[in-house]
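Analysis of the macromolecular model
Spelled out from the first residue to the last, the chains are:
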Amino acid sequence: MESSNRAAEIGQFLASRRAKITPDQVGLPVYDAAKRRVPGLRRQEVATLAGLSVDYYTQIERGKVNSVSESVIDAIARALELDDAERSHLFDLHRNALISPQRRPRRAAKAVRPGVQALLDSYHGPAFVRNARHDLVAANRLGYAFYSPLYPDPLAPEVAKPVNFVRFCFLDPRAHDFYPDWDHMADNSVNLLRTDAGRDPYDRGISDLVGELSTRSEEFRTRWAKHNVRLHYTGTKNFHHPVVGDLAIDYETMPLPADPGLVLTFYTVQPATPSADAMALLGAWAATNIHPPAHADPALNVGD
């Protein structure tokens, strides 16, 4: 992504956030409601709330951020009442707009290290690692069994060509069965991908995926244009697995600091519930039907 495009992302994001806030929400009087041409705050109103001149704020929305300090970004974030995810995203966009191509961040890891794979294999429930592009990079046996519907051959998942969660959600009709609340899952998928794209605008894999999905899916294109973002650490998801039926899954997600771009996720189910029974059945099915790919050569398990 070129520097000018990265700077433009800031303006597009800020415009999308101020469009979501009304003057009433931030305690501003409205004297000419019938004449307002924008659904949310005007630039002048954001500037006033942030303690900036309207000309200065307008330049920021136009992508001219080279001389903009973090304290100014913080003031804008407070004025727009950004949540934690939105605030982090804005700071990511600002920081990356100032980075020259020569100072490109460390490249993301392409696969998991042997120690991470051993951690996956030692876990009793489904566990997997994805990258910033949202490819399923590695998993344990139960993780591959859980996500077997995503693979062309569910019984022999291929590690050489990892499946992609976002592509599956928007381009595979089976996703509507696998995700009972498809709309919610679709929103989250796009919002998380937008968040990861903001962290590393140089990731060609993400930009290629966004281009592909924007061309092939109106549902994706509409959501991407909203510039919504999300943090994803813990919660509950609902699935309908074709082998064992409905499951309510609790998840814990954490980045792997030694492997930039890789995220580790563990799934659990509440004991003595239908989901626990379904997970036990999935484990029995996986033991005799799922053949995880052989682990890659350790020399290939690190980033460039």
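The rules behind the values
Residues numbered from 1 in each chain as written. Predicted model: local features only at pLDDT ≥ 70, side-chain atom pairs only at ≥ 80, totals over all residues. Heavy atoms only, no water. Helix = DSSP H or I, 4+ residues; strand = E, 2+ residues; numbered from the N terminus. Contact = heavy atoms within 4.5 Å. Areas by Shrake-Rupley, 256 points an atom, 1.4 Å probe, with all protein chains shown as cover. Buried < 20%, exposed > 50% of the residue type's maximum accessible area, 1.4 Å probe, protein only. Salt bridge = Lys/Arg side-chain N within 4 Å of Asp/Glu carboxyl O. pLDDT = per-residue confidence, 0-100. Axes fitted to C-alpha atoms, helices over the stretch in contact; angles between N-to-C directions. Left-handed = near helix turned anticlockwise from the far one by under 90°. Nonpolar A, V, L, I, M, F, W, Y, C, P; charged D, E, K, R; others polar.

Overview of the overall build of the protein chain
Along the protein chain, the regular secondary structure elements total 13 helices and five strands. Contacts in the protein chain between residues far apart in sequence, at least 24 positions, make up 61% of those at least 6 positions apart. Of the accessible surface of the protein chain, which amounts to about 15,200 Å², a share of 52% is contributed by carbon and sulfur atoms.

Let's talk about helix H2 (residues 43–50)
Every α-helical turn comprises 3.6 residues, leaving residues that sit three or four positions apart pointing alike. Those residues of H2 not exposed but buried are Glu-45, Val-46, Ala-47 and Ala-50. Note on H2: the residue one or two positions beyond its end, Gly-51, has a positive phi of about 75°.

Considering the pattern of salt bridges
Using the criterion set out here, one finds 18 salt bridges in the structure. Ionic pairing is found between Glu-61 and Arg-43, a salt bridge with its closest N-O pair at 3.1 Å. Of this pair, Glu-61 sits in helix H3 (residues 54–61) while Arg-43 sits in helix H2, placing them 18 residues apart in sequence. Looking at Glu-61, the relative accessible area reads 8%, which means it is buried. Taking the shortest distance from any N to any O, the salt bridge between Arg-223 and Asp-183 comes out at 3.3 Å.

Topic: the confidence of the model for the protein chain
Looking at the protein chain, the pLDDT average stands at 88 and 87% of residues meet or exceed 70. Here residues 296–304 is modelled with pLDDT under 50, and outside its nearest four sequence neighbours on either side it reaches 14 contacts, counting other chains as well.

Structural notes on the packing of helix H4 (residues 70–79) against helix H5 (residues 84–97)
At a minimum axis distance of 10 Å, the contact between H4 and H5 shows a crossing angle of 150°. When the axes of H4 and H5 are compared, the crossing they make is right-handed. Counted together, Glu-70, Ile-73, Asp-74 and Ala-77 of H4 and Arg-87, Leu-90, Phe-91 and His-94 of H5 form the full contact between these two elements. Of the residues contributing to the contact of H4 with H5, the split by class is four nonpolar, one polar and three charged.

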